[in-house]
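# Notes for the structure review
Below are the chains, spelled out letter by letter.
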Amino acid sequence: MKTRKLGSQGLIVSELGLGCMGMSEFYSGGDETESIATLHRALELGVTLLDTADMYGPHTNEQLVGKAIKDRRDRVIVATKFGIVRGEDKSFRGINGSPDYVHQACDASLQRLGTDYIDLYYQHRVDPNVPIEETVGAMAELVQQGKVRYIGLSEAAPATIRRAHQVHPITALQTEYSLWSRDPEDEILATIRELGIGFVAYSPLGRGFLSGEITSLDDLAADDYRRYSPRFQGENFNKNLQLVQAVKEIATEKGVTPGQLAIAWLLAQGNDIVPIPGTKRRTYLEENVAAVEITLTQAELQRIDEVAPKSIAAGDRYPDMSSVNG
């Protein structure tokens, strides 16, 4: 496992991180013992970047990560997020980027994680009612207080990123990016590269679709949130299955899994990109990590581009952008 530099402030992480959300919510079949074993195995394999958020659970995912890293904190880069507010009944209460809330949310996350500092702290979604300068100003105060080492944004637009970066250096932008979500290539990547900001790609496997293991909705449990995702519904599902089939053919010729090919493709898009595939099982973790050994030739990259061009995926990423997932 090699490392990559995120941003221009000195943060170095493993070239592949681990998304922890699914260990606590949104995907069925969570198992705390297996999740902790997966987190420990990730560290053994050289994965250092663990990604969580206060709204996963809500709150329980941070507690799980905290439990897993308790005796190995110095080996981990902990990334968590604030801003999507949920009730204990899991209801969505809105977006909050007010300075007071930033401080409250950070203190609560520190307590749940059982640590006295967060390596990378993201605003999970931009609050349209609070100027980004105010939110980032409060995040900068957390850095000054030693509670946070580096700050990031998630799903922010180019103009917002520029304004935020003027207040305090942004180390990483986290946004969905995969063979079926290539929107960052329009403006986002050019913006962050100009500013020296790293990119963390969530859902690099298209919420599992690009693994090639989902061939019908029957493959998803009744309580799996993907059943409500536009890309998993009706005619969209069938169209997206054709994309996966094309990726699968290239992967088979290469002697790798479709998921590994999708991760290797992302890693090849730039040394400033760090994918964070999520899993709650060691078997999938090991399969994902093996993708860092795959080298794609220019001819292979071109062929992948041809079968998975921008905007090929049918359906929106979310039912609407006020969704709490991601």
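Check the entry above for the structure.
We now turn to the structure provided with this report. Everything numeric here is computed off the predicted structure, so don't read it as measured data.

### Quick word on the packing of aromatic side chains
Each aromatic ring pair is described using two quantities: the centre-to-centre distance and the angle formed by the ring planes. Under the criterion given, the structure shown has 8 aromatic pairs. Ring geometry for Tyr 177 versus Phe 199: centroids 5.6 Å apart, planes at 80°, classification edge-to-face. Of this pair, Tyr 177 sits in the loop between strand 10 (172–176) and helix 6 (188–195) while Phe 199 is found in strand 11 (residues 198–202), placing the two residues 22 residues apart along the sequence. Just as Tyr 177 is buried, Phe 199 falls in that class too. Across from the ring centre of Tyr 117, 4.1 Å away, lies the NZ or CZ of Arg 73, which sits over that ring. Sitting over the face of the ring of Trp 180, Arg 231 holds its NZ or CZ atom 5.0 Å from the ring centroid.

### Some points on unusual backbone geometry
Following Gly 57, the chain continues to Pro 58 via a peptide bond in cis, the omega torsion being -5°. When you line up the elements, Pro 58 lands in the loop between strand 4 (49–51) and helix 2 (60–69). Non-glycine residue Lys 90 carries a positive phi angle of around 75°. Checked against the element boundaries, Lys 90 lands in the loop between strand 6 (84–86) and strand 7 (92–95).

### Describing the pairing of strand 5 (residues 77–82)
Judged by how many residues are buried, strand 5 sits mostly within the fold: 6 of 6 residues are covered. Covered by surrounding structure in strand 5 are Ile 77, Ala 79 and Lys 81 together with Val 78, Thr 80 and Phe 82, the residues of both alternating faces. Pairing between strand 4 and strand 5: 3 bridges, direction parallel. Across the sheet, Asp 51 pairs through a bridge with Ala 79, a residue of strand 5.

### A word on the pattern of salt bridges
Inspection of every chain in the model, using the stated rule, returns 24 salt bridges. Glu 32 is paired through a salt bridge with Lys 67; the nearest N and O atoms lie 2.5 Å apart. With Glu 32 in helix 1 (residues 32–44) and Lys 67 in helix 2, this residue pair connects regions lying 35 residues apart in the sequence. Glu 32 sits in the partly exposed class, given a relative accessible area of 42%. A relative accessible area of 51% places Lys 67 in the exposed class.

### Some remarks on the packing of helix 1 against helix 2
With their axes 9 Å apart at the nearest point, helix 1 and helix 2 run at an angle of 55° to one another. What the angle tells us is that helix 1 and helix 2 run oblique. Handedness of the helix 1/helix 2 crossing: right-handed. On helix 2, the residues that touch Glu 32, Ser 35, Ile 36, Leu 39 and His 40 of helix 1 are Leu 64, Val 65, Lys 67 and Ala 68. The residue makeup of the contact of helix 1 with helix 2, split by class, is 5 nonpolar, 2 polar and 2 charged.

### Section: the sheet that holds strand 5
Spatial strand order, 3-4-5-8-9-10-11-12: 8 strands in an open sheet with parallel pairing. The sheet is open, and its two borders are formed by strand 3 (18–19) and strand 12 (273–275), each paired with just one other strand. Helix-sheet contacts for helix 6 involve strand 10, strand 11 and strand 12, and the interaxial angle to strand 11 is about 145°.

### A short note on the pairing of strand 8 (residues 118–123)
In terms of burial, strand 8 is a largely internal element, 6 of the 6 residues being buried. Looking at chain direction, strand 5 and strand 8 are connected through 4 bridges and run parallel. Bridged to Phe 82 within strand 8 is Gln 123. The sheet contact formed by strand 8 and strand 9 (residues 148–154) spans 5 bridges and is parallel. Residue pairing in the sheet places Gln 123 in a bridge with Leu 153 of strand 9. Taken together, strand 8, helix 4 (residues 132–144) and strand 9 form a β-α-β motif whose crossover is right-handed.

Scoring rules and cut-offs
- Residues numbered from 1 in each chain as written.
- Predicted model: local features only at pLDDT ≥ 70, side-chain atom pairs only at ≥ 80, totals over all residues.
- Heavy atoms only, no water.
- Phe/Tyr/Trp six-rings, centres within 6.5 Å; stacked < 30°, edge-to-face > 60°.
- Helix = DSSP H or I, 4+ residues; strand = E, 2+ residues; numbered from the N terminus.
- Buried < 20%, exposed > 50% of the residue type's maximum accessible area, 1.4 Å probe, protein only.
- Lys NZ or Arg CZ within 6 Å of the ring centre and 35° of its normal.
- Pairing = 2+ DSSP bridges.
- Salt bridge = Lys/Arg side-chain N within 4 Å of Asp/Glu carboxyl O.
- Axes fitted to C-alpha atoms, helices over the stretch in contact; angles between N-to-C directions.
- Parallel < 35°, antiparallel > 145°, perpendicular 65-115°, else oblique.
- Left-handed = near helix turned anticlockwise from the far one by under 90°.
- Contact = heavy atoms within 4.5 Å.
- Nonpolar A, V, L, I, M, F, W, Y, C, P; charged D, E, K, R; others polar.
- Right-handed = clockwise from strand over helix to strand, strands pointing away.

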